Structure formats: structure tokens, C-alpha cells
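Results of the structural survey
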Amino acid sequence: IKDYEIICDGTDNFETRYLINDKCKKNKKILISAAISKFDGQLFKFNFKKKGSCFRCFMPEKPDKENNCGAEGIFSPVAGILGSLQANEVLKTILELKEDLDNNVLIFNSLKTNIRKVKISTNPSCINKCKK
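Not measured: the values here are computed from a predicted model. (Residues numbered from 1 in each chain as written. Predicted model: local features only at pLDDT ≥ 70, side-chain atom pairs only at ≥ 80, totals over all residues. Heavy atoms only, no water.)

1. Remarks on the nonpolar core
Here is a general trend for soluble globular proteins: nonpolar side chains tend to be buried in one another's company. Our working definition: Only buried residues count toward a nonpolar core. Its members are Ala, Val, Leu, Ile, Met, Phe, Trp, Tyr and Cys residues joined through side-chain atoms within 4.5 Å. Throughout, exposure labels follow a simple rule: accessible area from a 1.4 Å probe, protein chains only, divided by the maximum for the residue type, with under 20% read as buried, over 50% as exposed, and the rest as partly exposed. Numbering of helices and strands runs from the N terminus; a helix is a DSSP stretch of H or I covering at least four residues, while a strand is a stretch of E covering at least two. Every residue pair with non-hydrogen atoms within 4.5 Å of one another is taken to be in contact.
Counting residues in each nonpolar core, the largest one holds 16 residues, and the members touching the most others are Leu31 and Phe46. Of all the secondary structure elements, the ones that give two or more residues to this core are α1 (14–26), β3 (40–47) and α2 (55–58). At 4 residues, α1 tops the list of elements feeding residues into this core. Among residues more than four places away in sequence, those in contact with Leu31 are Ile7, Asp9, Ile20, Asn21, Cys24, Phe44, Lys45, Phe46 and Phe48.

Have a look at this one:
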């Protein structure tokens, strides 16, 4: 991680997501993370060069039931769509375009063909000591 400015995550388990998040936060990297499950996808962007939230602010603890592609399956077009959205966010970051996803999650629902953008607030009790 230390040799790269932008880290892309597409892992399918929370332990690895937390590890990548924590290493990116510690090393002040930009993390662009995509997740998919069944018919849904989420795209996160955290710019740890700036103050703000992290993945642990969004989800402080892993859920009791592990959701992953192997257990739940995926609707294959969602993988392509989230991969394209992730690549789009990487390019916007490289080009330093202002309309990026910093500290937001993009939520895609393929059944409704619906996309929502939600701000991720800093969690005052986050173990990474995230601050506004």
C-alpha cells in the first residue's frame, strides 16, 4: 500500500475490508472500495489525505452474519457496473475533478435501476479517531 496513492478494494469479506481501510488511513492513501451482494452494489471513496470518515465510521463492527459473494451469490451485471463505477471514480480522482465521492457511498440497486449517494458522517467513537 505504501507505494501507491490510490488503493482499489474489491474484496468480499469484512475482515479484509477493515484491514485495507486501516492501512490506507494510517498511510494517508485514497481508498476506493466496491462491494456487491445479490442485486445490489456499494461504492465508497475515502480520501485519507484529508480529515473525514472511514469504513469503520460507516460500519463499526462486522455483521453477525457474513455476507459474501460465495454465500449469497451475485447478479453478474452488478459486478460489471460497480467495476465501471469504481474505475470512473479512480479516473476522476487522478484528474482531480471536484465532483467526486469523497466520504460518500454510492448505493446501486439493479432491480429498481436506482442509484443513491449518501454522505458518511464521522463516528466520534471510531477506533481510527476520525474527525471532521
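Let us keep going from here.
2. Notes on the environment of Cys8
Relative to the elements of secondary structure, Cys8 occurs in strand β1 (residues 6–9). In this structure Cys8 touches Ile32, Gln86 and Val90, once residues within four positions along its chain are discounted.

3. Comments concerning a nonpolar patch on the surface
For clarity, the cut-off: Any residue with relative accessible area above 30% and no salt bridge may belong to a patch, with like charges joined within 9 Å and the nonpolar Val, Leu, Ile, Met, Phe, Trp and Tyr side chains within 5 Å. Each accessible area value is a Shrake-Rupley result obtained with a 1.4 Å probe; residue values ignore everything except the protein chains displayed when judging cover. By definition, a salt bridge exists where a carboxyl oxygen of Asp or Glu is found within 4 Å of a side-chain nitrogen of Lys or Arg.
A cluster of nonpolar residues, Leu91, Ile94, Leu95 and Leu97, forms a patch on the protein surface that exposes about 410 Å² of accessible area. Looking at Leu95, the relative accessible area reads 59%, which means it is exposed.

4. What about the sheet that holds β3?
To keep things clear, this is the line we draw: Pairing between strands is defined by DSSP: at least two bridges between the two strands are required. Lines are fitted to the C-alpha atoms to define the axes, a helix being fitted only along its stretch in contact, and any angle between axes, read from their N-to-C directions, falls within 0 to 180 degrees.
With respect to topology, 5 strands assemble into an open sheet ordered β1-β2-β3-β4-β5, the strand pairing being mixed. Here the strands that pair on one side only, and so sit at the sheet edges, are β1 and β5 (114–119). Neighbour-to-neighbour, the strand axes of this sheet turn through a mean angle of 15°, independent of strand direction. Where helix α4 (residues 76–94) meets the sheet, it contacts β1, β2 (30–37), β3 and β4 (104–109), and its direction lies at approximately 170° from that of β2.

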